[in-house]
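# Coordinate analysis (summary)
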Amino acid sequence: MSGAGSGYDLSVTTFSPEGRVFQVEYAGKAVDNGVPSVGVACKDGAILAVEKPEETKMMLPGSNRRIFTVAKHVGMAVPGKLPDGRQIVSRAQQECENYKRFYGNTIPTKVLSDRLANYCHAFSLYWHLRPLGSAALTASYDDNGPHIYLSETNGVSYRYYGIAVGKGRQGIKTELERLKLGNMTCREALKTVCKCLIKQRDDQGSKKFEIEMAWICDESDRQFVRVPEDVAKEAEDAAKREIEQEDEDSSDMES
Amino acid sequence: DHEAIRRRSGARVRRASWKRRRSGEGVRVGSNGRASQGLSIDTSVEGFDKGRSRENERTNDRTIDRSGEEGDDERTRRRGRKRKGEGERGARRVESASRGLSIDTSFGGFDARTGVWSRGKGKMEAPTKMKEVLTGTTIIACTYDGGVILGADSRTSSGNYVANKVADKITKVCDKVYLCRSGSAAHTQAVAGYANLYLNQHAIELGDKGCSVKAAANIVKEIAYGNKAWMNAGMIIAGWDKKEKGKVFVVPLGGTLMDVPFAVGGSGSIYINAFVDRNWKPNMTKEECKSFVRKAVSLAISRDGSSGGVIRTVTVNEHEQVKEFVTGNEVPVYQDEIQSKGPPQVEFVSV
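Residues numbered from 1 in each chain as written. Chains lettered and ligands numbered in written order. Predicted model: local features only at pLDDT ≥ 70, side-chain atom pairs only at ≥ 80, totals over all residues. Heavy atoms only, no water.

## Quick word on the overall build of chain A
The test is simple: Under the DSSP-based scheme used, a helix requires at least four consecutive residues in state H or I and a strand at least two consecutive residues in state E, with every element numbered from the N terminus. This radius of gyration counts C-alpha atoms alone. The globule rule is 2.2 Å times how many residues there are, raised to the power 0.38. The buried label goes to any residue with under 20% of its type's maximum accessible area, the exposed label to any with over 50%, and the partly exposed label to all in between, with areas taken from a 1.4 Å probe on protein chains only. Residues are treated as being in contact if the distance between any of their heavy atoms lies within 4.5 Å. Areas reported as accessible are Shrake-Rupley estimates using a 1.4 Å probe. Residue values count occlusion only from the protein chains shown.
The helix and strand tally for chain A stands at six helices and 10 strands. Expected size for 255 residues packed as a compact globule is a radius of gyration near 18 Å; at 19 Å, chain A falls within 12% of this value. Seen through its principal axes, chain A has C-alpha atoms that stretch 50 × 50 × 40 Å. Counting only residues that meet the buried cut, chain A has 51% of its 255 residues in that class. Sequence separation of 24 or more characterises 64% of the internal contacts of chain A that already satisfy a separation of 6 or more. Surface summary for chain A: the accessible area is close to 12,900 Å², and the carbon and sulfur share equals 49%.

So this is what it looks like as structure tokens:
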């Protein structure tokens, strides 16, 4: 890890001569090397999916949550460092509650993601703090339809039709660009999202993994909830079947 | 701030209660039964009179802090004195505005509850002294098919003196959201100022979407409820927003928030409650609603001394926000009121 910064990367309050803040970029790398996460906004809702490798056989499956509910109408996945991510989630929950208490309405997603972006950015302004090593991939469904926002470690926050972060994101993004997400329902999109996630794995074959999925759509009554187990399983199995069919060299696919 | 007010009022009440006990007046019980919170109130004192205390309370949901109200024994007096910055002298620090929790005025000052200053020569008698400026008023807001209409009279009184004959009690707090003010003119102007400030910031954050009436009403309610101990403001928030169309909210004394199809407020409202209840119907046209609002306000003006002047109306709907008023001589009069239209009945003789 030497060389790139060559002395300008020792503190978050130092710019390099090209105008880059290396510490913030390195924080972004923590997200880039993190678990693959996908968010898509469909016709009738939004989906978040995170693919987690099984770290140890002794851990109960489903216990290391990566997707959190921030408010009834908003949910968040936190790729990157999980503890940093929990900090962002906690802040988002407070923002939602304060907004509701003061203004009486539920927080519009644009406002929430702007505030989170400001929050992440604040950590890059002080010498005694380090930037958070986690992004906030927010899914919501409010009066203006389904939204997916990504608030990154450097403090920007954009709205997407579909976005992937973490390992293998390039491949997933290419796949997502081919889809007409605006015409798909959430159920259909679930299978496609699983497919993208499974395909991008560099396969050792033996490693087990778990896909954590959550959505907010008309089917879930516009509340952010985990995808019901049977629906999730069905989507995953369908995705695996499709991959096997597509792939001529079936030996490379993981089970 | 709340803590300071409670501390100061605590001392004041304690001292007052001690004095009043001496004069046989007894102690007033807070309307939410503070006695039950472990404070003991000496009810064995001669002259203790629950009935009188209830009639002195202006409203049932006003929380008056009685912490510190106990017997006048040594421990209580000492405890009271221990509070920061207080003591027997603390009770004298009256600058006023408004703590007015007791009417024992041996040390003089301003009693916000009755809106009266006193010079401290003993108990107050008739309220003939200078009064705080009040908007004893009639305010009304109704929804109709497509929007809302707000109406108000225009008299601001300070006791018997009319401070402003042509006051505008309908204040804009946000694009397409208005606030009708009643109660203390100072308090409501302050609340409207804060609401305007927060709503402007809110509108910027929201971007293209306008402020919702609900958000405006919520902000007013937070301010009213958060300062309920000393505030005297009853407000009606009404306006039009894209999501819910025309809406009326009312925040009476105490800081409740109610979502209603129509509302009346102010001192003149009591005379027209029945009229409005009987005659409002949903989905009126704009003209029907406007004449309904004007009729209601004119009826209140004809019976309430603190209401008068012109009748102002504001119409808010998707396309427009129109402020109008009916001049004083056009305001409808009833029964034996003097007609101000036409030639004068009495000729003026030049001297």
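## Some thoughts on the interface of chain A and chain B
Here is the rule: Buried area: the sum, over both parts, of the accessible surface (1.4 Å probe) that disappears when the two are put together.
Contact with chain A, which involves 13 residues of that partner, is made by 12 residues of chain B. Interface area, chain A with chain B, both sides summed: about 1,100 Å², of which 49% is carbon and sulfur. The three residues of chain A that bury the most area against chain B are Phe102(A), Tyr103(A) and Asn105(A), which together make up 46% of that side's buried surface. The set of elements that each furnish at least two residues to the side of chain A that touches chain B consists of α2 (82-103) and α3 (109-122) of chain A. Element by element, the count of residues in the side of chain A that touches chain B is highest for α2(A), at five residues.

## Brief notes about the packing of aromatic side chains
Residues and elements named next belong to chain A. Worth spelling out the cut-off: Pairing of aromatic side chains requires ring centres within 6.5 Å, counting the rings of Phe and Tyr and the six-membered ring of Trp. Pairs whose planes differ by under 30 degrees are stacked, by over 60 edge-to-face, and all others tilted.
What the rule picks out here adds up to eight aromatic pairs over all chains. With a centroid separation of 6.1 Å and 35 degrees between ring planes, the pair formed by phenylalanine 22 and tyrosine 26 is classed as tilted. With phenylalanine 22 and tyrosine 26 both in helix α1 (residues 22-32), this residue pair falls four residues apart, about one helical turn. With a relative accessible area of 4%, phenylalanine 22 lands in the buried category. Their ring planes at 45 degrees and their centres at 4.8 Å tell us that tyrosine 99 and tyrosine 103 sit as a pair that is tilted.

## Details of the confidence of the model for chain B
Residue and element names in this part refer to chain B. The cut-off we apply is this: Known as pLDDT, the predictor's confidence for each residue is given on a scale from 0 to 100.
Here chain B shows a mean pLDDT of 73. Residues at 70 or above account for 57%. The low-confidence segment residues 11-72 (pLDDT under 50) makes 117 contacts with residues lying over four places distant or belonging to another chain. Complex prediction metrics read pTM 0.71 and ipTM 0.81.

## A word on the packing of helix α4 (residues 169-178) of chain A against helix α5 (residues 186-199) of chain A
Residue and element names in this part refer to chain A. As a reminder of what qualifies: Axis lines are fitted to C-alpha atoms, over the contacting stretch for helices. Their N-to-C directions set the angle, which ranges from 0 to 180 degrees. Roughly parallel refers to an angle under 35 degrees, roughly antiparallel to one over 145, roughly perpendicular to one between 65 and 115, and oblique to any angle outside these ranges. Put simply, a crossing is left-handed when the front helix is turned counterclockwise from the back one by less than a right angle, and right-handed when it is turned clockwise. Think of it as three bins: nonpolar holds Ala, Val, Leu, Ile, Met, Phe, Trp, Tyr, Cys and Pro, charged holds Asp, Glu, Lys and Arg, and polar takes everything else, Gly as well.
Running from amino to carboxyl end, α4 crosses α5 at an angle of 150 degrees, the nearest separation of the two axes being 9 Å. Looking at the two axes, α4 sits roughly antiparallel to α5. Seen from above, α4 lies across α5 with right-handed handedness. Contacts between α4 and α5 involve Ile172, Glu175 and Leu176 from the former and Cys196, Leu197 and Lys199 from the latter. Classifying every residue of the contact of α4 with α5 gives four nonpolar, no polar and two charged.

## Describing the sheet that holds strand β9 (residues 209-217) of chain A
Residues and elements named next belong to chain A. Under the convention used in this document: Here the rule is simple: two strands pair whenever DSSP picks up at least two bridges between them.
Across the sheet, which stays open at both edges, the five strands sit in the order β8-β1-β2-β9-β10 with antiparallel pairing between neighbours. Lying at the two open borders of the sheet, with one neighbouring strand each, are β8 (162-165) and β10 (225-226). As judged from the nine bridges shared by strand β2 (residues 45-53) and β9, these two strands associate in the antiparallel manner. Bridging across to β9, lysine 52 finds its partner in glutamate 210.

## Focus: the layout of surface pockets
So the rule is basically this: With a 1 Å grid laid over protein atoms only, a set of points is called a cavity when a 1.4 Å probe fits there but cannot get out and a pocket when it is open yet has protein on both sides within 12 Å along at least five of seven lines; lining residues have an atom within 4 Å of a point. Grid points are joined across faces, edges and corners, and a volume is the space filled by probe spheres set on the points.
Roughly 1,000 Å³ of volume is contained in the largest pocket. As for the largest pocket, its lining consists of 37 residues, and the residues nearest its centre are Asn105(A), Asp143(A), Lys209(B), Ser212(B) and Lys243(B). Taken together, the elements giving at least two residues each to the lining of the largest pocket come down to α2 and β5 (136-142) of chain A together with α4 (185-206), α5 (213-226), β10 (233-241) and β11 (245-251) of chain B. No other element matches the four residues that α2(A) contributes to the lining of the largest pocket. For the lining of the largest pocket, the per-class residue count stands at 12 nonpolar, seven polar and 18 charged.

## Overview of the side chain of His202(B)
Within the fold, His202(B) resides in helix α4. With relative accessibility at 2%, the residue His202(B) sits in the buried group. Dropping the residues within four chain positions of it, His202(B) is found in contact with Tyr99(A), Tyr103(A), Cys211(B) and Ala215(B).

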